[in-house]
Amino acid sequence: MQFRKLMLLTSSMLMSLTSVAMNKTDLANFNKAESLFLAKNYKDYYQVKAKLTKTPLYPFLQYQEISVDPDVFKQETIDAYLKQNQGSFWASQLKQDLANYYLKQKDWQKFLHYYDNNLGFNGKCYAVVAEYSVGDKAKAINDFTDLWLSRARLPKACNDFESTWESKVTLNERQIRLKAYSLATSGYVEDALKWINKTNNKELEGFYALWLKTTQNPKKYMDDWTVQYHKINGFSSAIISVMDNLSAKDTHYAEDFWLAFKQKHLLDNKTINLINAEIAIGYARAHNKKALQWLKDIENEYASSLLWQWRLRTAIYWNDYNGYLNWYSELPQSLKSEDGWRYWQAKSYQALKQADKAKPILTALAKDTSYYGFLAADDLGLPYALNNKPVKVDQKTVDEMANNQTVLQIFDLYQIKEYGLSFALWRFSRNGFTNEEQLAIAELAEKQKIYQISTSAYANAGSSSNLTGLYPLAFWSDVQKAGKEFHIKPDVIVSMMRQESAFRVHGVSSASATGLMQLLPTTAAFLAKKYRLSYEDDDLYKPQKVIMLGAANLNFMDQLFNNNLIIGMAAYNAGQGNAANWLPAQQLDADQWIEIIPFGETRKYVKNILRNMVVYNQAILGNKKFRLGQVMQPISQKDKT
């Protein structure tokens, strides 16, 4: 123990800043040290580690020693390391690891010692539990009250302590009313009623009790609820939330109920319009023609940005070009200037045989390197605006960054396949570099094929015209191999990879989609079984494996949707069930269908991949004959195979 302590604390004296990148000898020593460390052969480990004191990854070894097995070290040793490295990425990362480690052990004293608001909202819940267990109980109760009031529902991490808190806390009526209203308008009316019953406020108890009955049986109770409580503060938002939930479940039922509702005269004009808007948007998302009238009936004064956009999309879906132009003329300026709505303004003019009005709009759009710019260029028969301008960085700056200890750590972490830590260190450090330095880092990373860093650095430095840097042929041999195996064009795979993960090898989304091609583990397992591919749990972090699985998924989508690439892209993102439900009975042009996809994320996703395909083909691969129109096949329910 004392030997390990001595080695750790003297490390800062042994280490020197150096420009030596990880060569073969250092890499071999590092791998040997890793093996010895994992085998807990500490004597030999420290002998090998001593050979690495001047390498950029020496701080990683120090960090790893404590992170993997903190109980081996005395707390004073760990704290001394954190003090020496205060403000560094490694200290920040270690504190997070230690907080997680002691959380799992429920060692609340040590958890609080290392917790630094670094575990998201769940961490705040655990911090309250820790404080209550070993610290100031009154402070813990007050802190939990603040958390409880901050949102309608707390995460599961707070569940265990909530009953303890409830037995100790004294809430005033205002706090209970705020919480109950938040719960009820979020759909948890039954929970809201339980809290309101603690106030002994008979009017509020009656209001929430009838609110609950109304959500369960609106036809029976909505009239009485409105008559009795329409003057109570907050009733408008309450009835809107009820109608919102009804419309989300069944827009037809919500419409029939609302049209027959007898107490509208008790509601103000704003409330009536906002309820109408919920039904209108419900029909618009479902592409029901009834949306046209509902959208029209809402007064502009009460039209949200979302409603305005569905007015436009509904006109696009139903080929109502006069209607589109009328809505566009009334649009708020913030929406009117968006490229997408300008493009459809031009398309509407074209449909109405007013080409003279359409051409100037399309000509202006065609100057942009964007999805709509490419559509406009296709329409006019113009070349795409692809002004590829690789950046020139001062060689002195490049040399300085090539010798920068943090940069070398980022690169070497990637080299040893610590992809997640490599990107985390870059994200932690990047704002400490000037734009010129970031461009130099991007250039260095690109040369080493570390694309998760190069593309991020180019983008962060504002190098939007450097198409070569922003659109690399990342993992190209793996992409080509997977494309050949599953009959998917390589440009499609790399375009999707760029959109899915921005080439982050260890990227994980909030929905647990993982790796370069952002596949769910369940989807990957299904594909591996279907296509008889070998598969292990960590394969989603292996570029060659996950690219092959992503190509298999695209092949599967092709089979489901008649080889229609546009639908396949949407299905890759939103699921094949949703994509199938969105297919129109009548045939739509691809740009029409993309514009009316109900999920905003999926709309943006498909547009960005199509933009990527143009850039890759024309600017990177030299395929000057490629045009966006070549993949924009018409779409209808006939594409569901």
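Analysis parameters
- Residues numbered from 1 in each chain as written.
- Predicted model: local features only at pLDDT ≥ 70, side-chain atom pairs only at ≥ 80, totals over all residues.
- Heavy atoms only, no water.
- Salt bridge = Lys/Arg side-chain N within 4 Å of Asp/Glu carboxyl O.
- Buried < 20%, exposed > 50% of the residue type's maximum accessible area, 1.4 Å probe, protein only.
- Helix = DSSP H or I, 4+ residues; strand = E, 2+ residues; numbered from the N terminus.
- Arc of directions from axis to C-beta.
- Polar contact = N/O pair within 3.5 Å; in protein donor to acceptor, adjacent residues only side chain to side chain.
- Patch = residues over 30% accessible without salt bridge, like charges linked within 9 Å, V, L, I, M, F, W, Y side chains within 5 Å.
- Areas by Shrake-Rupley, 256 points an atom, 1.4 Å probe, with all protein chains shown as cover.
- Lys, Arg positive; Asp, Glu negative; His and termini not counted.
- Charge placed at Lys NZ, Arg CZ, Asp CG, Glu CD.
- Phe/Tyr/Trp six-rings, centres within 6.5 Å; stacked < 30°, edge-to-face > 60°.
- Lys NZ or Arg CZ within 6 Å of the ring centre and 35° of its normal.
- Disulfide = S-S within 2.5 Å.

S.K.: How do you make sense of the pattern of salt bridges when you look at a structure like this?
M.R.: Side chains carrying opposite charge are able to pair once their charged atoms draw close together. Under the defined criterion, the tally for this structure stands at 15 salt bridges. Measuring nitrogen to oxygen at the nearest pair gives 3.7 Å for the salt bridge that ties Lys-542 to Asp-538. The exposure class of Asp-538 is partly exposed, given its relative accessible area of 37%. A single salt-bridge network, built from bridges that share partners, covers Asp-538, Asp-539 and Lys-542.

S.K.: What is the right way to look at helix H26 (residues 395-402) in this model?
M.R.: An α-helix turns once per 3.6 residues; consequently, residues spaced three or four apart project the same way. Along H26, the positions that sit buried rather than exposed are Thr-397, Val-398 and Met-401. Buried residues in H26, looked at end-on, bunch into an arc of 100°, giving them a common side. With a side-chain oxygen lying 3.2 Å from the backbone nitrogen of Lys-396, the N-terminal cap of H26 falls on Asp-394.

S.K.: It is not clear to me how a negative patch on the surface should be interpreted in this structure. Could you clarify?
M.R.: A contiguous patch of negative charge, built from Asp-394, Asp-399, Glu-400 and Glu-436, is present on the exposed surface. Tracing the backbone through its elements, the reader meets Glu-400 in helix H26. On the accessibility criterion, Glu-400 (39% relative accessible area) is partly exposed.

S.K.: Would you mind showing me how to read the packing of aromatic side chains here?
M.R.: For any pair of aromatic rings, the description rests on two quantities: the centre-to-centre distance and the angle between the ring planes. With the rule as written, the count across this model stands at 44 aromatic pairs. Both rings, one in Phe-144 and one in Trp-165, keep their centres 5.3 Å apart while their planes meet at 50°; by these two values the pair is tilted. Taken together, the residues span a long stretch of sequence, with Phe-144 in helix H10 (residues 137-150) and Trp-165 in helix H11 (residues 159-168) at a distance of 21 residues. On the accessibility criterion, Trp-165 (0% relative accessible area) is buried. Feature note: the residues Tyr-181, Phe-207, Tyr-208, Trp-211, Trp-225, Tyr-229 and Phe-235 constitute an aromatic cluster, connected by ring pairs. Over the ring of Tyr-132 we find Lys-137; its NZ or CZ atom is 5.0 Å from the centre of that ring. In this structure, Lys-264 is placed above the aromatic ring of Trp-258, and the distance from its NZ or CZ to the ring centre is 4.6 Å.

S.K.: Sorry if this is basic, but what is going on with the state of the cysteines here?
M.R.: Working definition: the covalent bond between the sulfur atoms of two cysteines is a disulfide. With the rule as written, the count across this model stands at one disulfide. One disulfide in the model links Cys-125 with Cys-158; its S-S distance is 1.7 Å. Residue Cys-125 is found in helix H9 (residues 120-134), and its partner Cys-158 is found in the loop between H10 and H11; the two are separated by 33 residues along the sequence. When its relative accessible area of 1% is taken as the criterion, Cys-125 is described as buried.

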